[in-house]
Every structure is written in structure tokens, then in C-alpha cells.
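Secondary and tertiary structure notes
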Amino acid sequence: MDPFSRSVTIALADIQLQTALDRGTTRGVNARIGAMAETTDAAALRHQARLARERALNRLPDLLEQLERNVVANGGHVLWARDAAELNRVILELCQKHSVRRVTKGKSMVTEESELNHALEARGIEVTESDLGEYIIQLAGETPSHIVFPMLHKTKEATARLLHEKLGMPLTDRPEEMTRFVRNVMRRKYLEADMGISGVNFAIAETGTIATVENEGNNRLSTSTPPIHVAVMGVEKVIATWEDYAVLVQLLARSATGQRLSVYNNLMSGPRRPDEPDGPEVFYLVILDNGRSRILATEYAESLACIRCGACLNACPVYQNIGGHAYGWVYPGPIGSIVSPLLLGPTRAPKLPYASSLCGACQAACPVEIAIPDMLLKLRRDLVQAGDPTPGWRIGMKLWAIAFKSPTLYRLGGRLVGWLTRLLAGRKGYLRRLPPPFDGWTTSRDFPAFGAPSFRERYARRVHKT
Amino acid sequence: MSARNDILNALRAALAKGEPFPKADSPSILPVTRLDPNEDLTARFVAEVERVKGIVHRATGDDDARRIIRDLLTDRCVRRVTMWDEAHLPLNGIEALLGELGIERVQGSNEAVATAEAGITSADWALASTGTLVLSSGPGRPRMASLLPPVHIAVLTEDRIVPRLEDYIAAQRAQRLGVFRGSSNVTLITGSSRTSDIEMHPVFGVHGPLELHIVLIENLG
Amino acid sequence: MMNRVAYFVTCIIDTIFPTIGEAAFDVLKRVGVKLEFPQAQTCCGQPAFNSGFNQEARQVAEHFLDVFAGYEAIVTPSGSCAAMVQHYYPELFRGHRREAEAQQIASRTYELTQYLVDVLGVTDVGASLPRPTRAAIHDACHGYRGLGVAHQPRLLLRNVKNLTLVEMPGHDQCCGFGGLFAIKMSAISGAMLSDKLSAINAAECDFVITGDASCMMHINGGLSRVGSNRRVMHVAEVLAGRAHGL
């Protein structure tokens, strides 16, 4: 069995995971639907948000240069990383330069791409994820399973047991008590940290401002308390104007959690000014490519418009059933099925483009109108062109095309197969088992015997009668 | 070649065949939240703040505001407070009030500020349609006052309320976006610190303040 | 050449569910459509296209272009096949010598209820069921999200005598069919199907109505497997007043 199918089998049999997914995704979907419905005009706003992202991608290198100029003018530094390894190298060098021993992290998906925590820990630097969910995942030695709700795969019961075992929290089934417990643990970490590392939700080029979005306050603490703040962003995160920020940040909140605005929207323009009483003394912005410039040149460019709200994950019936870990890499769900093969190369995630019924729920949920099913189809096409499916399927499809472009072969084939299904189905009208390669169908459903005679034969008889 | 040039060159090469998205030049003009043009902004602001578990205290004037702050501090047995300088608050006499109550004002290092049980700030603006406070950092305006203490008290006058985020941005645009260049940090605060990480079940009071109190002073006349 | 309307029955309905083919045909005839059935028709090419075999899909789609050239409208009792032609033919033939033809055909192809309501303005086909019956709708994905087929079947079905529509939780949630997805990813598809079966079994109705025979086949196959007596019927059967087993 391939790794993807193995993960799926495990996920589907995991009752705890199924419970957690069911509770979480249902809440997520309902929250988004309610929050989008009460806007001025959901469809028009999604289009406006989409155009804001398109406008940025059209001018990406110019905007990045403008962003860099303005970050420097604000007193910050800008560093660049071509790939994941270089990102870790750049950050390790900063740690060395500033003698950093303790780091707190606000949520950042790009540093998951480079597995930065491992790289830092390997050099003896203590890294603490400060987002509640990320922290619990870190304690468990796991990876996030959702872009916005990293521990969506965990029930509250499992969370309580983990906090009890690792940190001695008295057992409780109340999320309120667990949250309060972690708050107290984390307080010291912020004050002792030498460096805070955060992600970036939007980078506004015209003023060199980094925008982060959060609810807990951990991001504010990670970016304000330690003397050094390092923000890490993919090249695609830059946007042109503050007006674009206004629409994007609101649709992000509504799509991700159903809030009108997230609790803390932090807008950071460089380090603390000389006359300011607090804030980091040094600010670095690290801009990562890691395959994104390659995507920009292709028909998959719109995947770069994603604002990582996670709405497509919650809406996806596949995600709802298998959860995030089965997708095998940083970005799960429908958008992950596109981004993972594009960033890693198609052969590293060959099953993901097929892991969709193409139902379109993802596209309907997307605040920036990303045509996810269309891109999945294109990825399948690319895989076929690269010779992915087995020779059996390839020959089968060739034969199918020959038969289905010839009315005679189609008619004869239909009669033959129909006769066979009726023969095998017997009186009940259903087949309990199909032969390979169609046996996947009958693992959980019966297959009907073909009707007789076919519509075209019935039609011919009707015409004959009149 | 430097990483910077490599990345910018790769992006330019990717765009060399033409922009990937034609016709993407219409600006963002449609605001997101619904707001009746005749709607009372203060009422809407109060309702929105309460939705996100903040508490609004309406004050009829400065004396009333000081009374509300005094009650908030004494009810919670607050011993230490961190705050913005009085020059940045819309009313005076807070330092005197602290002295009167025997409350110590802490400032300076994060360690010191972290001992405060309440933080007092003002806000540059408030956004009615989302129940949001806008705070910018600056001299005498520490970020930590709205972040580290378990109780955050924000004092502002009613005339600071604008309809939406979009109106705030438009006002900054008219000021050539100066605040985003001059302040290292602008924070939009919408309600109490919260998380939905455990089964998407909302819990209030995570790493940020557990309580958010907004003292809203009525406009004169 | 104007005023000629072609009936595209789809390969699944033609071979597996011919009575649905008759039902849709009769409904269109009843409302006065001058309907023709081009007998050389086969398939729209979707099975290959959805699997990434664009070349093979294009071969079959070219045959579709040949068969349906010159018709004012092409009507099909399938949201999925209609979406394939409307939405994906222009994409499939991009840069191809027959691109213009594909675009024309795409703009003239309609799903059954879309054609009745949006083009003809018909909201009552004069159907009635033998006795009072309650039914829930399963909105098949490609018609619902791909073409916006949502109010059309509801309008038509509300005017069927003896039929009461009830809304089912998760009515727009995929049943897990997805063409070869049901075979290649049968475990995930099976889990999605199981969610759908629970919703159907919990719904307070006598049967379920949907606009795609493929989804119907998938769900009914699941209901048969778990021994449920509930069944899904095609919207055309109900509009033709044929509700088998009632």
C-alpha cells in the first residue's frame, strides 16, 4: 500500500480522530457561512478580494522591492531565502549573531515547510510554539493538521490527558481550565525569550508593514516582548495597498473562524522607534521563495492567491473524513492537494490530486475564488502526461476512447456489458462484487445491473411504431 | 548571485510572458460590514464589543470616567498598574487617582510591567461595525499596557468612533499613511483574547488580557 | 437549422437507466419541445477528462461536437455531463482547431431543469404522484455548484401534485461518487457515502430526489449494500409522474 492510502486507512479507523473532525469541521463550516452571509455582498467581496490578490501577484517583484525599501526605511532589515534550507541557515545565523538561546514562535506555516524548529533545536536553542494549539502539538511531538486549527485532530479529552502527563495539569474536560493552565506556563517563556519568530499574513508594500492575524495574543507577545523579532513570509504574501488589506483581512477572519475581525490584528512597521518605550529593538523580515517563483510562471499561479484561511479544509468532505495528517505535508486539504505537489514536485505527492471527488465545496468556500477543482484536474493531466498511472489504466483509457467515439462499438459494448451485469446480478438487480480493477466500487456499494433494452433501442422502437 | 537577486530575477522571468491575471486593476472600494447610514455609531460599537466579550462602560464625563476606573481597580484589588502617559489619555487625574488608592505605577522593563494587574490606555480610534479599538505605539504609549496585564482598560471619547475599518484606512490615507511609518506597532483589538483551538470551542482569556473594559466618555454638547 | 433541440441522454442513462432516459424525454415532449435524439451520440468524455486523460477525452468530445453540431439547444438529464460541456469543453479545446465549435456547443448545452425553467420558463410540467409523498433533495455537486442548479428543480417539484419537498441536512454535501474516485479512492469515497446514507436514513421522507444518475447509482448502491429500503430517484422520473415502488 502507498503511504497516502496507508494514512487514509489509519485515519478512517481512528474513532477519536473522526469525533474531533466531525465536531471541528461542522463548527467551522457553520461559522463561515453565517459570517459571510451577513456582509454587504459576499459574492462581490470575494471577487474584490480575489482582484486584490491578483493585482499583487501581477506585480510581485516590484512590490517586494517596494516592501524591502519601506521596511529598511522603518529601521528593519530584509533577508532573502531561495529555499527551505537557506531559510533555516539565515535564521540560525541570526541566532548566532545575537547569541540567542530561547525562541518563542507565533504561528508560521512557512517555517513548517523548512522544519525550522528541528533545525534550531539541533543547535541547542529552545523553541516554544506559543499558539495554544501549536504548543499542544509540540508537546505531543506531532505536526499541525489544519492551517488555522493546528490541533483539530485532537479531542479535548486527549488534550487534557497530554497536559496531565507532560505538565502535571489536574485532569479536566473543560477547555477553559486547560487554556488557563497553558497561559500560566507560557508567561515565563515570553519574558525569557531572546527572539520571537512569527509568520506573516499580509505584507503591505506601500508602508513596509507586516500584518499578522490572531486571537490569543501569543503573536503580539512573541513579536513585542523579546528584543529581536524575525518575521518570515513567502514571496506571495505581499499586497499593494491598505485598502486591499482591509478587505482581505476581514474575509480572512470571516472565512477562517466566522469572526468579523480576529481579536488582534498586529501591524508592525520595523523595530521600536528610539523614543518608544517597548517593542523589539531589532526587526528582520525574511522573504522565502521555496518554489513559489516557479509556480508563478505556470497555469497554477492562482494557487499563490491563497490567504491560508482553512475554509476549504472545513468544507471538504474528504478532509472531514481523513483529517490533515493523511495529506502528508505542511498544507492539508484541497489547497494542500495543489500546493504540495507544486512545491514538492509531482512525484512526491502523486496521490493528492486524485484525493478529491471534484465536488467543488472548496471553491465555493474560498474567499479568493480559487478554482481548486480545475487545478486538481490539470494536475491529474500533468501526472498522466508524466506517465503516472499504471499501464493497465492507460490501455483501458485508450480502449475506452476507441469504443466511445464509435457509435457501433459503443452500442455493441454496452449490450455485451449490460448482458453480463444482468447475468451476474440475478434477480436482485445488483452485483455484490465487481472484478479488478473495478472492485474498489463494491467494497462499500453494490453495482446495478444495466437496464434492458437501452434507451436508444427503446427510442428506435418508438420511432418505428409511429 | 545573492538570494535576493536570484528570487527577484526568477519572479521577473515568470512574469516575462505577461501578467498572469489580466484586468486586475479595479481598486477595493466595497466595505465588508453592513452598516445603516442612519445607525447610531455608539450603540453599534457597544453592541459589537459586547458580542466579542468586551465590556463598555458609558461615562457622562471625566469625573464619571474616573469613578468607573476607580471602581474597576478597587473591585479587582489591583496593586500595580501600567499605563500610557496621561498626555495620551483623554482625561487627566489618573496618576493622582492611583496615588490616592495606593496603587503603584510600574513601567520600564517587561519583567516589571508583567507584575501589573491592570493596564490603562486610550485608543486612537474605535471601529463601530466590528467593535474594534485601534492603538498605535509611540512615546509614552507602551504596547505592553494593552497586552501583559490580565485586565485592559481603554479610555476614549465617543467622537473617536468611526463606522468601519475602511473608514479608518481612508482617514490614514488622507494623512499619507503616516501612522504606519511613524509607529512601530498599530494593533486592532476586537474583544478579549480568545482561542478556539480545542475542538473549535471558544474560550476567552488566553495569552492576552482576560478582561477588556472600554470606558467611553460621552461627547460634550 | 433553428429550433432544433437535441436530447443528450448520457451514456450512463442510456445503458444503465434507460427508463430515466425515457422519463426526461417524455417530460420535454410534454412541454412542447421539438426534441430530436441524434442516434450517433455516445458520451461527453468526462470519465477520461476527470482522470487526467485529456487526449482520450478530446477524442470522444470531438465525436460529441460532430453529433450535436447545428442544434439550437442540447438538453441532458445530468448536471454533471452538462457541466462537462458548459464548463470544461472550452478548456479541453483551448488552442485546438475546434475551439470555436466547442465554445458554441458549451453555450448551448443545458441541464434538464435548467432548460425547463431558465430557457422555457416552465415551472409546472403537470405531473402528479399516485399518493401523498414526501421527498428530500440531494443536490448533486456538478449541477449545484458547477451550474447553479438549485432553485430550478425545487420550483418544478413543488408543482408536482401529491409531492411535499423536505430539506435534508447536508443536502449539498457530496455523496462521494466523483467518477473513478469511487474506485481509485474507494475507502474515502466509502466514508463519504456512509455520511450521506446516514443523512438520508435520518431524513423524514419517503424517498430522495437528485439530478444526476451517477450519484443516484452511487447512493442506491450504498443503500442496497446496507439493506436499506430507501431509494434515490432521478428528478426526471418524478417530473414524469413515475415514482416506482410507491
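Just above, that's the structure.
Computed from a prediction, not measured in an experiment: that's the story for all the values here.

With that settled, the discussion passes to the overall build of chain A. A tally of regular secondary structure across chain A gives 21 helices and 12 strands. Relative to its full complement of 466 residues, chain A shows a buried share of 65%. The long-range share in chain A, meaning contacts at least 24 apart out of those at least 6 apart in sequence, stands at 72%. Here chain A displays about 16,800 Å² of accessible surface, and carbon together with sulfur accounts for 55% of that area. Taking the average place of the 58 positive charges on the side chains of chain A and the average place of its 48 negative ones, the gap between the two points comes to 11 Å.

Within the element layout of this structure, Ser224(C) appears in helix 12 (residues 213–225). Ser224(C) sits in the buried class, given a relative accessible area of 15%. Reaching out from Ser224(C), the side chain makes a polar contact with the side chain of Asp446(A) at a distance of 2.6 Å. Setting aside residues no more than four positions away along its own chain, Ser224(C) makes contact with Tyr430(A), Asp446(A) and Arg231(C).

Below, the discussion takes up the interface of chain C and chain A. Listed per partner, the contact involves 65 residues of chain C and 63 residues of chain A. For the pair chain C and chain A, the summed buried surface comes to about 5,600 Å²; carbon and sulfur atoms form 63% of the total. In this assembly, chain C and chain A are joined by 6 salt bridges. In this structure, Arg462(A) engages Asp26(C) in a salt bridge whose closest nitrogen and oxygen atoms are separated by 2.8 Å. Here chain C is connected to chain A by 29 residue pairs in polar contact (both at pLDDT 80 or more). In terms of residue count, the dominant contributor to the side of chain C that touches chain A is helix 11 (residues 186–202) of chain C (9 residues). Of the residues belonging to the side of chain C that touches chain A, the class tally is 30 nonpolar, 25 polar and 10 charged.

Attention shifts here to the interface of chain B and chain A. Contacts between the two partners involve 87 residues from chain B and, on the opposite side, 109 residues from chain A. For the chain B and chain A pair, buried surface summed over both sides reaches about 8,300 Å², with 56% attributable to carbon and sulfur atoms. Its largest share of buried area at the contact with chain A, chain B owes to Glu199(B), Met200(B) and His207(B), together 11% of the area lost on that side. For the pair chain B and chain A, the interface holds 10 salt bridges. The partner of Glu206(A) in a salt bridge is Arg173(B), and the shortest N-O contact between them spans 2.7 Å.

On to the packing of helix 19 (residues 391–404) of chain A against helix 4 (residues 54–68) of chain C, then. At a minimum axis separation of 9 Å, helix 19 of chain A and helix 4 of chain C run at an interaxial angle of 5°. One finds that helix 19 of chain A runs roughly parallel with respect to helix 4 of chain C. Of helix 4 of chain C, the residues touching helix 19 of chain A (which contributes Met397(A), Lys398(A), Trp400(A), Ala401(A) and Phe404(A)) are Glu56(C), Gln59(C), Val60(C) and His63(C). For the contact of helix 19 of chain A with helix 4 of chain C, a count of residues per class yields 5 nonpolar, 2 polar and 2 charged.

It is worth spelling out the side chain of Asp14(C) at this point. Relative to the assigned elements, Asp14(C) resides in helix 1 (residues 11–15). By relative accessible area, which is 1% here, Asp14(C) ends up buried.

Moving on, we get to the sheet that holds strand 3 (residues 126–129) of chain A. Residues and elements named next belong to chain A. Read from one edge of the open sheet, 6 strands run 1-10-7-4-2-3, paired in parallel fashion. The open sheet is flanked by strand 1 (77–81) and strand 3, the only strands paired with a single partner. Sheet twist, expressed as the mean angle between neighbouring strand axes with direction ignored, is 20°. Pairing between strand 2 (residues 102–105) and strand 4 (residues 195–198): 3 bridges, direction parallel. By the bridge assignment for strand 4, Val103 is matched with Met195. Against the sheet, helix 4 (residues 60–73) touches strand 1, strand 7 (228–234) and strand 10 (282–288), its axis set at about 145° to strand 1.

Regular strands show a simple pattern: their side chains alternate between the two faces of the sheet. Residue and element names in this part refer to chain C. Where strand 5 (residues 128–138) lies against strand 6 (residues 161–166), 5 bridges are found, and the strand directions are parallel. Its bridge partner being in strand 6, Ser128 is matched across the sheet by Lys161. For strand 5 and strand 7 (residues 207–210), the ladder comprises 4 bridges, and the chain directions are parallel. Among the inter-strand pairings, His138 is bridged to a residue of strand 7, identified as Thr210.

Residues Leu416(A), Val417(A), Trp419(A), Leu420(A), Leu423(A) and Leu424(A) make up a contiguous nonpolar surface patch of about 610 Å² in total accessible area. Here Leu420(A) shows up in helix 20 (residues 407–425).

Residue and element names in this part refer to chain A. The N-to-C vectors of helix 9 (residues 156–167) and helix 10 (residues 175–192) enclose an angle of 35°; their axes lie 10 Å apart at closest approach. Between helix 9 and helix 10 lies a crossing of left-handed hand. Contacts from Lys156, Thr159, Ala160, Leu163 and Leu167 of helix 9 reach helix 10 at Pro175, Met178, Phe181, Val182 and Val185.

Turning to the nonpolar core, a few remarks are in order. If you look at the biggest cluster of nonpolar residues, it comprises 251 residues, and the most contacted ones within it are Leu64(A), Leu67(A), Tyr245(A), Leu285(A), Tyr168(B) and Tyr89(C). No other element matches helix 12 (residues 242–256) of chain A, which puts 9 residues into this core. Sequence-distant contacts of Leu67(A), defined by excluding residues within four places in its chain, comprise Ala203(A), Ile204(A), Ala205(A), Gly208(A), Thr209(A), Met233(A), Val238(A), Leu285(A) and Ile287(A). Membership of the second largest hydrophobic core comes to 42 residues, among which are Met83(B), Leu133(B), Ile214(B) and Val215(B).

Enumeration over the complete set of coordinates arrives at 61 salt bridges over all chains. The shortest N-O distance in the salt bridge between Asp63(B) and Arg66(B) comes to 2.7 Å. In this pair, Asp63(B) and Arg66(B) are both assigned in helix 3 (residues 62–75), 3 residues apart and thus about one turn of the helix distant. One salt-bridge network, in which partners are shared between bridges, spans Glu38(A), Arg254(A), Arg260(A), Glu39(B), Arg44(B), Glu48(B) and Arg51(B).

All names here are of chain B. The strand order across the open sheet formed by 6 strands is 1-12-7-4-2-3, and the pairing between neighbours is parallel. Two strands in the sheet have a free side with no partner beyond their single neighbour: strand 1 (55–59) and strand 3 (104–105). As judged from the 5 bridges shared by strand 1 and strand 12 (residues 211–217), these two strands associate in the parallel manner. From the neighbouring strand, His57 faces strand 12, where its bridge partner is Val215.

Let us now look at the arrangement of the chains. Once contacts are tallied for each of the 2 pairs of chains in contact, the highest total is for chains A and B. There is no contact between chain B and chain C; across them, the least C-alpha separation is 17 Å.

All names here are of chain C. Here Glu237 lies in helix 13 (residues 235–239). Expressed as a C-alpha distance, the spacing of Glu237 and Gly79, which sit 158 residues apart in the sequence, is 15 Å. Looking at Glu237, its side chain comes within polar contact range of the main-chain nitrogen of His234, at 2.8 Å.

What follows deals with helix 2 (residues 15–37) of chain A. Residue and element names in this part refer to chain A. Look at helix 2: 33 Å from first C-alpha to last across 23 residues, which is about the 33 Å you get at 1.5 Å a residue. The complete set of buried residues in helix 2 reads Leu17, Ala20, Leu21, Gly24, Thr25, Gly28, Val29, Arg32, Ala35 and Met36. Of the surrounding elements, those touching the buried residues of helix 2 are helix 1 (3–13), helix 3 (42–58), helix 12, helix 14 (311–315), helix 15 (317–322) and helix 17 (361–365). Between the side-chain oxygen of the N-cap and the backbone nitrogen of Gln16 there are 3.1 Å, and the N-cap of helix 2 in question is Asp14.

Conventions we followed
- Residues numbered from 1 in each chain as written.
- Chains lettered and ligands numbered in written order.
- Predicted model: local features only at pLDDT ≥ 70, side-chain atom pairs only at ≥ 80, totals over all residues.
- Heavy atoms only, no water.
- Helix = DSSP H or I, 4+ residues; strand = E, 2+ residues; numbered from the N terminus.
- Buried < 20%, exposed > 50% of the residue type's maximum accessible area, 1.4 Å probe, protein only.
- Contact = heavy atoms within 4.5 Å.
- Areas by Shrake-Rupley, 256 points an atom, 1.4 Å probe, with all protein chains shown as cover.
- Lys, Arg positive; Asp, Glu negative; His and termini not counted.
- Charge placed at Lys NZ, Arg CZ, Asp CG, Glu CD.
- Polar contact = N/O pair within 3.5 Å; in protein donor to acceptor, adjacent residues only side chain to side chain.
- Buried area = accessible area lost by both parts, 1.4 Å probe.
- Salt bridge = Lys/Arg side-chain N within 4 Å of Asp/Glu carboxyl O.
- Nonpolar A, V, L, I, M, F, W, Y, C, P; charged D, E, K, R; others polar.
- Axes fitted to C-alpha atoms, helices over the stretch in contact; angles between N-to-C directions.
- Parallel < 35°, antiparallel > 145°, perpendicular 65-115°, else oblique.
- Pairing = 2+ DSSP bridges.
- Patch = residues over 30% accessible without salt bridge, like charges linked within 9 Å, V, L, I, M, F, W, Y side chains within 5 Å.
- Left-handed = near helix turned anticlockwise from the far one by under 90°.
- Core = buried A, V, L, I, M, F, W, Y, C linked by side-chain atoms within 4.5 Å.
- Expected span 1.5 Å × (residues − 1).

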